[in-house]
Amino acid sequence: MVGWGSPVRTNNWPADGRWYGNMPVSIADVSGPEAEALIPRIEAAVADYRYAQYGDYRMWPGPNSNSFVAMVLRAVPELGVVLPANAVGRDYRDGFYAGLTDSRTGIEIKPVWPRGRENRWVEGIEINLLGLVAGLDLRQPGIKLPGFGRIGVGIPEALAQAR
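Digging into the nonpolar core
Then comes step 1: Residues Val8, Ala45, Val46, Tyr49, Tyr51, Phe68, Met71, Val72 and Tyr92 constitute the largest nonpolar core, which totals 9 residues.
Then comes step 2: Listed by contribution, the elements that provide at least two residues to this core are α1 (32–47) and α2 (65–75).
Then comes step 3: Per-element tally for this core: the top contributor is α2, with 3 residues.
Then comes step 4: Sequence-distant contacts of valine 46, defined by excluding residues within four places in its chain, comprise Val8, Thr10, Phe68 and Val72.

What to know about the environment of glutamine 140
Then comes step 1: Position of glutamine 140 among the secondary structure elements: in the loop between β5 (132–137) and β6 (142–145).
Then comes step 2: A residue is classified by how much of its surface remains accessible, and glutamine 140, at 26% relative accessible area, is partly exposed.
Then comes step 3: The sequence separation of glutamine 140 and glutamate 123 amounts to 17 residues, and the corresponding C-alpha distance is 9.7 Å.

Digging into α2
Then comes step 1: Among the residues making up α2, those that are buried are Ser67, Phe68, Ala70, Met71, Val72, Leu73 and Arg74.
Then comes step 2: In this fold, the buried residues of α2 make contact with α1.
Then comes step 3: Measuring from the side-chain oxygen of the N-cap residue of α2 to the backbone nitrogen of asparagine 66 gives 2.9 Å; that N-cap residue is asparagine 64.

What about the packing of α1 against α2?
Then comes step 1: Running from N to C, α1 and α2 point in directions that differ by 135°, and their axes come no closer than 9 Å. By the angle between their directions, the pair α1 and α2 is classed as oblique. Taken as a pair, α1 and α2 cross one another with a handedness that is right-handed. Across the interface between the two elements, Arg41, Ile42, Ala45 and Val46 from α1 touch Phe68, Met71, Val72 and Ala75 from α2.
Then comes step 2: Of the residues in the contact of α1 with α2, the class split is 7 nonpolar, no polar and 1 charged.

Observations concerning the packing of aromatic side chains
Then comes step 1: This model, assessed by the stated rule, comprises 3 aromatic pairs.
Then comes step 2: Connected via pairs of aromatic rings, a cluster forms that spans Tyr49, Tyr51, Phe68 and Tyr92.

Some thoughts on the side chain of aspartate 91
Then comes step 1: With respect to the helices and strands, the residue aspartate 91 is situated in the loop between α2 and β1 (97–100).
Then comes step 2: Polar contacts involving the side chain of aspartate 91 include one to the side chain of arginine 90, which spans 3.3 Å.

Some thoughts on the confidence of the model for the protein chain
Detailed reading of the predicted coordinates is not advisable wherever pLDDT is low.
Then comes step 1: Taken residue by residue, the protein chain gives an average pLDDT of 78. The fraction at 70 or more is 84%.
Then comes step 2: Taken element by element, the protein chain is modelled with least confidence in helix α3 (residues 156–161), mean pLDDT 46, and with most confidence in α1, mean pLDDT 94.
Then comes step 3: Contacts from residues 157–163, a stretch scored under 50 in pLDDT, to residues over four places away or in other chains number 16 contacts.

A word on the pattern of salt bridges
Then comes step 1: Going through the model one piece at a time under the given rule, you end up with 3 salt bridges.
Then comes step 2: A salt bridge links aspartate 91 to arginine 90; the nearest nitrogen and oxygen atoms lie 3.3 Å apart. Accessibility assignment for this pair places aspartate 91 and arginine 90 in one class, buried.
Then comes step 3: The partner of arginine 150 in a salt bridge is aspartate 137, and the shortest N-O contact between them spans 2.7 Å. Of this pair, arginine 150 sits in strand β7 (residues 149–152) while aspartate 137 sits in strand β5, and the two are 13 residues apart along the sequence.
Then comes step 4: For arginine 150, a relative accessible area of 23% puts it in the partly exposed group.
Then comes step 5: Aspartate 137 gets classed as buried once you look at its relative accessible area, which sits at 8%.

Rules used throughout
Residues numbered from 1 in each chain as written. Predicted model: local features only at pLDDT ≥ 70, side-chain atom pairs only at ≥ 80, totals over all residues. Heavy atoms only, no water. Core = buried A, V, L, I, M, F, W, Y, C linked by side-chain atoms within 4.5 Å. Buried < 20%, exposed > 50% of the residue type's maximum accessible area, 1.4 Å probe, protein only. Helix = DSSP H or I, 4+ residues; strand = E, 2+ residues; numbered from the N terminus. Contact = heavy atoms within 4.5 Å. Polar contact = N/O pair within 3.5 Å; in protein donor to acceptor, adjacent residues only side chain to side chain. Axes fitted to C-alpha atoms, helices over the stretch in contact; angles between N-to-C directions. Parallel < 35°, antiparallel > 145°, perpendicular 65-115°, else oblique. Left-handed = near helix turned anticlockwise from the far one by under 90°. Nonpolar A, V, L, I, M, F, W, Y, C, P; charged D, E, K, R; others polar. Phe/Tyr/Trp six-rings, centres within 6.5 Å; stacked < 30°, edge-to-face > 60°. pLDDT = per-residue confidence, 0-100. Salt bridge = Lys/Arg side-chain N within 4 Å of Asp/Glu carboxyl O.

So, in structure tokens, the structure goes:
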């Protein structure tokens, strides 16, 4: 998802290419028959994205590129991952939301975006204010700080491959 023209584009850039000079970070590692089963569901989620029209992209509070990836991950929970805490816009939802968290391991309440509170096993305890996340990671001990992301035991790539 990009902020110019038609916001949702597929296969325009290398899957592991740099984005604005930043190295890609793996958040999931799926291969073989499991990947073959998930690919059609990922493609369907991309096709069904509700903010795919000209003018739908908003850098903050969203929907933005992080909102897009989070929505795809929500649609395919078997991937078993969520975006990191410093992915501004990952928690974007229109209006009130109460239900399962992205990992489906806890409860999330967003009375009026952009603020809310989440208690969940995979994501930990988080407070979201204006799209910025602060919290504690309970499963892999660490803290989450706005602008820095997660600081603690284990690296994101190792956590992604250990799912």
